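# Geometric and topological summary
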Amino acid sequence: MQTLGVPFLLFWLIWGHSCALGGKVNKHKPWIETSYHGVITENMDTVLLDPPLVALDKDAPVPYAGEICAFKIYGQDVPFEAVVLNRTSGEGVLRASGSVDCEIQKEYTFIIQAYDCGAGPSGADWKKSHKAVVHIQVDDVNEFSPVFREPLYKASVIEGKIYDSILQVEAWDQDCSPQYSQICNYEIVTAGTPFAIDRNGNIRNTERLSYDKQQSYKIMVTAFDCGQKRAKEDVAVHIDVKPICKPGWQGWNKRVDYEPGTGSKQLFPKMHLETCGGPLSGVRAMVELQTNHIGKGCDRETYSEKSLQKLCGAASGSTDLLPAPSPSTNWTASLLTDSGRDSDLIYRFDGRQAANVPDHVVPQNLTDQFTVATWMKHGPSPGLRAEKETLLCNSDKTEMNRHHYSLYVHNCRLVFLLRRDFTQVDTFRPAEFHWKLEQICDKEWHYYVINVEFPAVTLFVDGVTYEPYLVTDDWPIHTSKIDTQLTVGACWQGGEVATPRFTQYFHGSLSGLTIRPGRIETQKVISCLQACKEGLDINSLESLAKDIKFHFNPAQSVLVVEGEDVDSINTAITKVSYINSRQFPTPGLRRLHITTTVQCFGEDTCLSIPDIKAVVMVLPPSEPRITITGSNRLVRPAIDLQGPLGVAPFKELHITSTVMKGDSFSGFHRPGVMEVMHNLDYCDILVIGEELNPERESLEIHHNALLGKHLDATNSTSGISIYGVDSMAHYEQALRQVRYKNWRPATLSDRRFRLTCSELNGRYTSNEFNLEVSVLHHSAPVEHVNHMAAQSQYMRPVHHPLMIHTFNSHMSGTAPPAATVVIVVCIAALVVIVVIGVYRIHTTHQEGSREDEDEVKDPEDWDNSALTITVNPMENIKGAQALDGGVKEENREEEEDEEDEEQVGGMTSAESDNSDEDEEEEEEREEVKKRKQRGKLEWDSSSITY
């Protein structure tokens, strides 16, 4: 009221008094301002209005009519009320009637009116003022702390680089006002870190970070609002330091161990390609398995050439011109061999060695169809104009120097010469066929096959067909009586020189040089003969992405993978594996080489990916021990050796193979023996001592015994060789059917053989099994019939047993006690039987003497003038047969005893369990023998004549 001033009050008093004297009591309505602005602090109830809330009434100072009784507020859900402080002066106050929260509502707008007290105490005839607008603003209180939007922040940096901003952290505040809801500052709580943060939450490094020094950092960060209220919880920030990004393959091992017999093994299970984030349009990776130092270019079967051809289904009749040296194939004995090739027979020629193939080995019936095949490793020849290097040459032995057919290398070109005889063709015909290939001089092993279907000649190199780039014609050779000479490693020049000599020497290595007349090899057989048994593979092809393309080379030593997406390439590379299908692979290192090309959009290449060099270590396989067991001695009557079938010396033969395996038990590794099954490639039966005499004996195997098996056989006077890649069971069956015959056994005391078997062309060989075949000689019974001499009536005819000369069974010095006891018991039983027989003879003689006592008074004075001895010839024959059968049965039992004695040392648990039953059966057989012997010693007196 002080602001209204004294003149204003005087005016209202005078005007009010005059109205009271001359008119109505409540003539005027109250008056208030048209608008008000107020401020209230949240969680408080007092509102500060501008201007103050005052209502005036012109009826003042008239009681009631000039007084203000109320203020009314109009609005929906308005949390305010107006209260009259002084009715006379019209002062009022605006205050909160409920909770006022700035975070819920920052401003309020409503209507207010003032009411006077009416004409009297009852309030009748009251009047109200005009409507005034009230705007209330809610002031904020800093009641909330900042909160970070993420519970954890992560980032990574590359070492050696200064960043303006590694990452940004962000906090927020629930307060409603800009003063308290804005974040004005961030701060790193962790001390001593090489990082800083600005007011906007950007974290940067203050120094260059090193991956080798520290690979990750953890820092704590807090935030402040503009009211300097700190965040209730700090936030953690993890920053990883990465090495400088180098595009390339990561996550691979330099060495991968491969255990034989485990199948396919992944080479790069965790490898991935790092491209440093650059956009790529394509990736091409080539994986190469380098096996040039293994065998003949890779791990192939090292069987002999004949065995491989039999295994691959090649036609029979091929001639091996470079066989292993032996008494029957001695022309290769002077050649140099490469002995470090895992039993793979390789001949090395240094320009000074050559061999003449014997005439009986050279195929004489070359027709218009034949095949020449060989493995060859050859390098460039020294000099600008190198001489011819001959692998194979058939030339005149004497007088002239004509080459009938030959295979040679000249200036890294392979040339095959074929001069037909004049009798077969008399026109100008193709004679020389030339091929120019990189493989001829790359110093690597390759398999060459020349199929001749005259006049066409086709060359296969590692299974791929090549036609000659040049064919020259020549006249046929005129027929002559000059013999030809087939040579390997050079060409024989027997004529037109003073001294016959070799010429055009070969420099390189050869293996498996063969000629097959009358047939050509098929593509399937050629592929089989040169196939690698190791290579690359891809597991789970169906799981590869559709955009992945891959292809192998024929040998599966090179794999190319292409794709547009790096993740698809990574998945494909993890499935690349190494596989070796050989049961006994060649141990050692195999090198791996991976080259990668990356293409970017619009560019040929954008990243340089370093090559990868790794190795596969093929661990040594468990070496098998091949054991041949059976009876070491065979005793048969001469009549058996003379029979049409002869005898089977190896009928009881057994072939087993065992390996040493380590098994884990209680934390310790103990070796154990495990029987394994694998193939054999040859078994040789060698005659020990004098060679077989074809006029009186033979060692042979019938062709039917080899039917249905991958086996073949050759025999000579020195023995039999059974060859071919087949199972041990099939070899057992074949060896058991080998027959030995002798048409004149009377001159034979014994014949000895030695058997050895091999796997992988001699890489693993068996024990030497020696067998002795003895002939059972016996003399005929002495039968004498004397009709001139009279038999005494006191004498009974005695059937003398046949005199039989036998060879004692071979007894080992280390015979088991059980076998020794059996033999001793048999001998004792035989002695008892003889004693009983003599006793019965003596008793019978005494009884006869007593019966004739009255007739003969002096038994010592016999009159033998009328003695007649009658012998039943049928009885002698039956007795001889019985004795002969008993002798045979006895010999068979002795052989069984010997076999049992030899097998006791290697007896299995099952055999040892049955040993007692075998001894009981043996005792039963001995008892039967005793009964037979006793039956033979008992006489039939009915056949005696006096």
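As shown above, the structure is provided for reference.
The model shown is predicted, which means the values in this text are computed figures rather than measured ones.

Thresholds applied
- Starting from 1, residues in each chain are numbered consecutively following that chain's sequence as written.
- Predicted model: local features are reported for residues with pLDDT of at least 70 only, side-chain atom pairs are reported and counted for 80 or more only, and whole-chain, interface and lining totals are derived from all residues.
- Side-chain descriptors were evaluated using all non-hydrogen atoms of the structure, hydrogens and water having been removed beforehand.
- For each residue, the accessible area found with a 1.4 Å probe, counting protein chains only, is set against the maximum for its type, and the residue is called buried under 20%, exposed over 50%, and partly exposed in between.
- Put simply, DSSP H or I for four residues or longer makes a helix, DSSP E for two residues or longer makes a strand, and each gets a number counted from the N terminus.
- In this description, the arc belongs to the directions extending from the helix axis to the C-beta atoms.
- In these notes, a set of buried Ala, Val, Leu, Ile, Met, Phe, Trp, Tyr and Cys residues joined through side-chain atoms within 4.5 Å is what counts as a nonpolar core.
- The split of the chain into domains comes from an automatic or database domain assignment.
- In the sections that follow, a salt bridge refers to a side-chain nitrogen of Lys or Arg positioned within 4 Å of a carboxyl oxygen of Asp or Glu.
- Nitrogen and oxygen atoms within 3.5 Å of one another constitute a polar contact, given that in protein one can donate a hydrogen and the other can accept it, and given that sequence-neighbouring residues count only through two side-chain atoms.
- Residue contacts are counted whenever heavy atoms from the two residues lie within 4.5 Å of one another.
- Whenever a pair of cysteine sulfur atoms sits within 2.5 Å, that pair is classed as a disulfide.
- Here a Phe, Tyr or Trp ring, Trp counted by its six-membered ring, pairs with any other such ring whose centre lies within 6.5 Å, and the pair is stacked when the planes are under 30 degrees apart, edge-to-face when over 60, and tilted otherwise.
- Only strands that DSSP links by at least two bridges are regarded as paired with each other.
- Think of each axis as a best-fit line through the C-alpha atoms, taken over the contacting stretch in the case of a helix, with angles from 0 to 180 degrees between the N-to-C directions.

### Some details on helix H7 (residues 728-736)
Of the positions making up H7, those classed as buried are Met728, Tyr731, Glu732, Ala734 and Leu735. Buried residues of H7 fall within an arc of 170° about the axis and therefore sit on the same side.

### Notes on the nonpolar core
Most often, soluble globular proteins keep nonpolar side chains buried together rather than apart. Among the nonpolar cores identified, the biggest contains 53 residues, and Phe650, Ile655, Ile722, Leu735, Tyr740 and Leu755 are the most heavily contacted of them. Here this core gathers at least three residues from each of two domains, domain 4 (305-530) and domain 5 (624-661 + 672-776). In this structure, Leu366, Val372, Leu414 and Val452 belong to the second largest nonpolar core, which totals 40 residues.

### A closer look at the pattern of salt bridges
Scanning all chains against the criterion turns up 19 salt bridges. Aspartate 257 is paired through a salt bridge with arginine 255; the nearest N and O atoms lie 2.7 Å apart. With relative accessibility at 46%, the residue arginine 255 sits in the partly exposed group. Across the pair arginine 516 and glutamate 521 runs a salt bridge, and its minimum N-O distance is 2.2 Å. Looking at arginine 516, the relative accessible area reads 3%, which means it is buried.

### Focus: the side chain of serine 774
Residue position: serine 774 is located in strand E56 (residues 769-776). Residue serine 774 is classed as buried on the basis of its relative accessible area, which comes to 1%. Polar contacts involving the side chain of serine 774 include one to the side chain of glutamate 772, which spans 3.5 Å. When neighbours within four sequence positions are excluded, serine 774 is seen to be in contact with Arg633, Leu634, Val635, Arg636, Ser749 and Asp750.

### Section: the state of the cysteines
Applying the stated rule across the entire model yields 9 disulfides. What pairs with cysteine 102 in a disulfide is cysteine 176, and their sulfur atoms sit 1.6 Å apart. Disulfide cysteine 102-cysteine 176: the torsion about the S-S bond is 105°, which places it as right-handed. Here the residue cysteine 102 occupies a position in the loop between strand E5 (91-96) and strand E6 (107-116), and cysteine 176 occupies one in the loop between strand E11 (171-172) and helix H2 (178-181), the gap between them amounting to 74 residues. A sulfur-sulfur separation of 1.9 Å characterises the disulfide bridge that pairs cysteine 683 with cysteine 757. Across the S-S bond linking cysteine 683 and cysteine 757, the dihedral sits near 115°, which makes this disulfide right-handed. Here cysteine 683 is found in strand E49 (residues 679-688), whereas its partner cysteine 757 is found in strand E54 (residues 750-759), with 74 residues between them in sequence.

### Points about the packing of aromatic side chains
What the rule picks out here adds up to 15 aromatic pairs. When the centroid spacing of 6.3 Å and the interplanar angle of 45° are considered together, the rings of phenylalanine 148 and tyrosine 186 count as tilted. In this pair, phenylalanine 148 is assigned in strand E8 (residues 147-148) and tyrosine 186 in strand E12 (residues 183-188), connecting sequence segments 38 residues apart. For tyrosine 186, a relative accessible area of 7% gives the class buried.

### Quick notes on the sheet that holds strand E9 (residues 152-158)
Strands sit in the order E9-E16-E15-E12 across an open sheet of 4 strands; the sheet is mixed. The open sheet is flanked by E9 and E12, the only strands paired with a single partner. Neighbour-to-neighbour, the strand axes of this sheet turn through a mean angle of 30°, independent of strand direction. Relative to strand E15 (residues 216-225), E12 runs antiparallel, the two sharing 5 bridges. Bridged to glutamate 187 within E15 is threonine 222.

### Concerning the environment of arginine 625
Note on placement: arginine 625 falls in strand E45 (residues 625-629). As a C-alpha pair, arginine 625 and tyrosine 764 span 139 residues in sequence and 7.5 Å in three-dimensional space.

### A look at helix H5 (residues 566-574)
Of all 9 residues making up H5, 7 are buried, and the element is well covered by its neighbours. Among the residues of H5, Val566, Ser568, Ile569, Asn570, Ala572, Ile573 and Thr574 are the ones counted as buried. Residues of H5 that are buried in the fold lie against strand E17 (248-250), strand E19 (264-266), strand E20 (272-274), strand E21 (282-290), strand E41 (558-563) and strand E42 (576-580). The N-terminus of H5 is capped by aspartate 565, whose side-chain oxygen sits 3.2 Å from the backbone nitrogen of aspartate 567.

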